[in-house]
Amino acid sequence: MFFKKIIKIIQKTEFSLFLITIILFRIPPFFLMPLTKNPLLTSHSLGRYFVVWLFFSNILFIFIGYKRLLFSKNLGLLTLFFFVTQSFSIVKAINTEAFLLQYKNFVFGFVIFITALLIINSKRKLLLVLNTLLLTIFFNVVFQTIIYFQPEFLIKIVQRFLYESYWDVLNLNLKRERFFVDIYDAALLPLIIALSLKTQRRSARLIYVLLMISVAFFAFVSNFRTQLIMTIFSLLSSLILLLNKNRVIFTVLFLFVFYIGIIISIKIVGYNTLSRVLLQEAEDIQTITGRFEHWQRSLDMVNSSPYVGVGLGNYYDNLNSKTTFTTSIFNWKNTLGRITATHPHSVFFGTVSETGYLGLFSYILLLLYFLITDYKNILKKNKSAIPSIISFWSLSIYAAFNPPVTLPYFFIFWLLRVFIIKTSIINCK
């Protein structure tokens, strides 16, 4: 009797805890106790603790028959194959600490996937999760506003609360006038558009439109080309697949946002993401050629261990000739060079170098499965699943040209797959 009461309490509180976890993983990592600066007491760490609790409690529910884990057998086999190939790369890792740091985020991605599948079991819960996700976009918009328009306030006040490793990378990018590198809101634009189309309340629709405008604006002024590409892909795909009406209005709206972005960015920074796409500076060309060089090194590296690669997180440690990165009197540029060299800036080349051809094969198989199932949903005109499908492939664009190794990335990656699975089931009922 007592055991059943405990189970009921856990079941009543688990969904609320999961919503809190979404917020904790989506907003920038901050210290829960800023004076102590303890890495075990950050918002992301607290999110990890919650996820571990939710995961094991739900696994227990499966064993005692209170819950069932329902999803495609093919998906289960492919994800297991992918997990094994990534895990087995440890046999060649020469830097075990680097392997564990990256592997930790990788594993948490799977834990989040299983947990979300078990917890999101109704249309109501799915809608609440979506709205919570959009709430985090609002938090991120506020944070981006501070970064872009009030950098002094960021440096003097906000940075005291931010996790030190996160701040180091953020500060490095600020010095080179790059913003919002690890914010993936551009990929979530289709979800905002879909919810704005469903609501009948003018106040709610206005909020969604303001969120869309804010996300598009900050992607445009971020000075990261991938952010702009993600935004354009999300908007064009939404125009084609989601918007039967109001296409002209949405197009004019976002063109106006980009126009305003040009004016403001030129005034504040002197250039914007579009300037970088047009390759107006030598640095813009160098970053592209630099990626090609890293990709070539990845292919050279995998030849030393073709089956299992050199180990997750071990790309830098296996570079044939490491540059000392003392090319500038500015130490932050040298630090940036070292950070840049830790990953080949592509999920495909990173996967093949660090986990071998088996790891790349398992990843491509998984993506092909996602592509086929998503294509079927589009053919069936499953309007509930299409926004998440667009968001997922928009996020994949980011991964194709950047290091997809952070916890927030894995969180969004697997959560979007859960959305697609659950909306497909709901649509069939």
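It should be emphasised that the depicted structure is a prediction, and the values quoted were computed from it without experimental measurement.

(A) Expanded view of the packing of aromatic side chains. Going through the model one piece at a time under the given rule, you end up with 39 aromatic pairs. A ring pair is formed by Phe106 and Phe410, whose centres lie 6.2 Å apart and whose planes are at 85°; its orientation type is edge-to-face. Of this pair, Phe106 sits in helix α4 (residues 96-119) while Phe410 is found in helix α17 (residues 407-428), placing the two residues 304 residues apart along the sequence. Of the two residues, Phe106 and Phe410, neither departs from the other in class, the shared state being buried. Lying across the ring of Phe108, Arg48 places its NZ or CZ 4.9 Å from the centre. The ring of Phe392 has Arg417 lying over it, and the distance from NZ or CZ to the ring centre is 4.5 Å.

(B) Representation of the side chain of Ser394. Structurally, the position occupied by Ser394 is in helix α16 (residues 386-401). The class for Ser394 is buried, based on a relative accessible area of 0%. Ignoring anything within four residues of it in the chain, the contact list for Ser394 reads Ala186, Ala187, Met230, Phe233 and Ser234.

(C) Here's a closer look at a positive patch on the surface. On the surface, Lys4, Lys5, Lys8 and Lys12 cluster together to form a positively charged patch. For Lys8, the position within the fold is in helix α1 (residues 2-26). For Lys8, a relative accessible area of 54% puts it in the exposed group.

About the criteria used
Residue numbers restart at each chain and count upward from 1, following the sequence in its written direction. This being a predicted model, a pLDDT of at least 70 is required before a residue's local features are given, and a value of 80 or more before pairs of side-chain atoms are given or counted; all residues contribute to the totals for chains, interfaces and linings. Where side-chain values are given, they derive from all heavy atoms of the structure, hydrogens and water being excluded. Between 30 and 60 degrees the pair is tilted, below 30 it is stacked and above 60 it is edge-to-face, where a pair is any two Phe, Tyr or Trp rings, Trp via its six-membered ring, whose centres lie within 6.5 Å. Going along the chain from the N terminus, every DSSP run of H or I of four or more residues is numbered as a helix, and every run of E of two or more is numbered as a strand. Burial classes follow relative accessibility: with a 1.4 Å probe on protein chains only, a residue under 20% of its type's maximum area counts as buried, one over 50% as exposed, and anything between as partly exposed. Whether a charge sits over a ring depends on NZ of Lys or CZ of Arg being within 6 Å of the ring centre and within 35 degrees of the ring normal. A contact between two residues is defined here by any heavy atoms of the two lying within 4.5 Å. Note that patches include only residues with greater than 30% relative accessible area and no salt bridge, and the join distances are 9 Å for like charges and 5 Å for nonpolar side chains (Val, Leu, Ile, Met, Phe, Trp, Tyr). Surface exposure here means Shrake-Rupley accessible area, sampled with a 1.4 Å probe, where a residue is shielded only by the protein chains that are shown. Any carboxyl oxygen of Asp or Glu within 4 Å of a side-chain nitrogen of Lys or Arg constitutes a salt bridge here. Charge assignment: positive for Lys and Arg, negative for Asp and Glu; neither His nor the chain ends contribute. Charged groups are reduced to one reference atom each: NZ for lysine, CZ for arginine, CG for aspartic acid, CD for glutamic acid.

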